[in-house]
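# Examining the three-dimensional arrangement
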Amino acid sequence: MQLTVSTWNINSVRLRIDQVGRFLKERRPDILCLQETKCPNDKLPLKDLQAFGYPFVVHMGQKGYNGVAILSRYPFSETSVMEMCGRQDARHITVTLSREAKAAAGLTIHNFYVPAGGDIPDPDLNEKFRHKLDFMAEMRSWGSRAKPTAGPAILVGDLNVAPLEHDVWSHKQLLDVVSHTPVETEALEELRQEAEWIDAMRVLRPEPEKIYSWWSYRSPDWAAADKGRRLDHIWLSKGMKDTLRSIDVTRDTRGWERPSDHAPVTVVLEL
DNA sequence: ATGTCGTGATAGTCACGA
């Protein structure tokens, strides 16, 4: 069977519920992971999401900020959340697919929203940057301790780091910009390698191809300027490498009316 | 290159986070 998994920082699921529906209709993933839902659990437009063809929905949300959700055509046997950095701030949720998912049974999907980190890339001057580094350190120790890649697993999300030189429009100009500083890119690469996660995008589309999933709202002509960053990622456990068939960024959504500043990333696996 | 968004607390704008 083929399994299609998408990840999208939606920047308010209520404001853009119609865009979620349009994307699901056009791309038809089996599973969609959302970040920045920006709503409490009881305000999630659950009926709409289910009506799009996704009866199984889990959400860890809160008022105003953050929030992660997973929509699925297949049921879950388990779901849980981690309180990263001792905070209940809705930045992680995970599911394991049940036996009804057939060849995908037992597959675990982790959905993360890593802190953006503020503007100043110095943990002594900027508490938000410190939080971001602490968060990645905790992801690394989790990878070492919990062995999340021991079985079939996918880690997706807005990791808020563009790790490689060609994950940004200008490597030199962004070396001092939060999301591409060496301390961040090294931390992300180390935590990825700690659990031997595979960066699915770069397996099929290696450097030096430029690949982005985010374009700032502040760029007036985002498409022409194309000053993007690859902040959204799909990682596979090492045992799943041979299942990888395709991966893409749905850049079109960024051109929709009142868009999210992130575009969805979608992987197709043959299980 | 300090620009553009979304939410929430408020009552027309402003703070905050991104």
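These figures come from a predicted structure and were not determined experimentally.

### Let's talk about the protein's contact with DNA strand B
Not every one of the 18 residues close to DNA strand B is listed here, only the nearest: S12, R16, R218, K227 and R258. Within 4 Å of the protein, the contacting atoms of DNA strand B are 64% sugar and phosphate, with bases supplying the remainder. The contact in question runs from a phosphate oxygen of DNA strand B to an N or O atom on the side chain of R16, over 2.9 Å. For DNA strand B, a phosphate oxygen lies 3.1 Å from a polar atom in the side chain of K63. Residue composition of the surface near DNA strand B, grouped by class: 5 nonpolar, 3 polar and 10 charged.

### Considering the packing of aromatic side chains
All chains considered together, the criterion is met by 6 aromatic pairs. Aromatic side chains F112 and F135 sit 6.4 Å apart centroid to centroid with 85 degrees between the ring planes, which places their arrangement in the edge-to-face category. Of this pair, F112 sits in strand β7 (residues 108-113) while F135 sits in helix α3 (residues 127-146), and the two are 23 residues apart along the sequence. One exposure class covers both F112 and F135, and it is buried. Ring geometry for W197 and W235: centres 6.5 Å apart, planes at 40 degrees, overall tilted. On the criterion of sequence distance, the pair formed by W197 in the loop between α4 (182-194) and β9 (198-199) and W235 in strand β10 (residues 232-236) is long-range, its members being 38 residues apart. When sorted by exposure, W197 lands in the same class as W235, which is buried. Each residue in the set F112, F135 and W142 is aromatic and connected to the rest through ring pairs, giving one cluster. Stacked on the ring of W169, the Lys or Arg K227 has its end atom at 4.7 Å from the ring centre.

### Some words on unusual backbone geometry
Omega for the bond connecting E207 with P208 falls within 30 degrees of zero, at 10 degrees, which places this linkage in the cis form. Looking at the element boundaries, P208 is found in the loop between α5 (200-204) and α6 (222-225). Phi angles above zero are rare outside glycine, and S12 is one such case at about 95 degrees. On the secondary structure map, S12 appears in the loop between β1 (2-9) and α1 (17-27). In the Ramachandran plot, R28 falls in the positive-phi region, its phi being about 50 degrees despite a non-glycine side chain.

### As for the environment of F135
With relative accessibility at 0%, the residue F135 sits in the buried group. In the structure, F135 is positioned 50 residues away from C85 in sequence and 6.1 Å away in space, judged by C-alpha atoms. Residues within four places of F135 in sequence aside, it is in contact with M84, C85, R91, F112, Y113, V114 and P115.

### Quick look at the sheet that holds β9
Across the sheet, which stays open at both edges, the 6 strands sit in the order β5-β6-β7-β8-β10-β9 with mixed pairing between neighbours. Among the strands making up the open sheet, the edge pair consists of β5 (76-80) and β9. Pairing between strand β8 (residues 153-158) and β10: 5 bridges, direction antiparallel. Bridge pairing links D158 to D232 in β10. Relative to β7, α3 is tilted by about 165 degrees, and along the sheet it contacts β7 and β8.

### Quick word on the sheet that holds strand β4 (residues 68-72)
Across the sheet, which stays open at both edges, the 6 strands sit in the order β3-β4-β2-β1-β12-β11 with mixed pairing between neighbours. Each edge of the open sheet carries a strand with a single partner, namely β3 (56-60) and β11 (244-249). Strand after strand, the sheet turns through a mean of 10 degrees between neighbouring axes, direction not considered. Pairing geometry for strand β2 (residues 31-35) and β4, over 5 bridges, is antiparallel. Across the sheet, C33 pairs through a bridge with I70, a residue of β4. Most of the contacts of α1 go to β1, to which it runs at about 155 degrees, and overall it touches β1, β2, β4, β11 and β12 (265-270).

Rules used in this analysis
- Residues numbered from 1 in each chain as written.
- Chains lettered and ligands numbered in written order.
- Predicted model: local features only at pLDDT ≥ 70, side-chain atom pairs only at ≥ 80, totals over all residues.
- Heavy atoms only, no water.
- Near = heavy atom within 4 Å.
- Polar contact = N/O pair within 3.5 Å; in protein donor to acceptor, adjacent residues only side chain to side chain.
- Nonpolar A, V, L, I, M, F, W, Y, C, P; charged D, E, K, R; others polar.
- Phe/Tyr/Trp six-rings, centres within 6.5 Å; stacked < 30°, edge-to-face > 60°.
- Helix = DSSP H or I, 4+ residues; strand = E, 2+ residues; numbered from the N terminus.
- Buried < 20%, exposed > 50% of the residue type's maximum accessible area, 1.4 Å probe, protein only.
- Lys NZ or Arg CZ within 6 Å of the ring centre and 35° of its normal.
- Contact = heavy atoms within 4.5 Å.
- Pairing = 2+ DSSP bridges.
- Axes fitted to C-alpha atoms, helices over the stretch in contact; angles between N-to-C directions.

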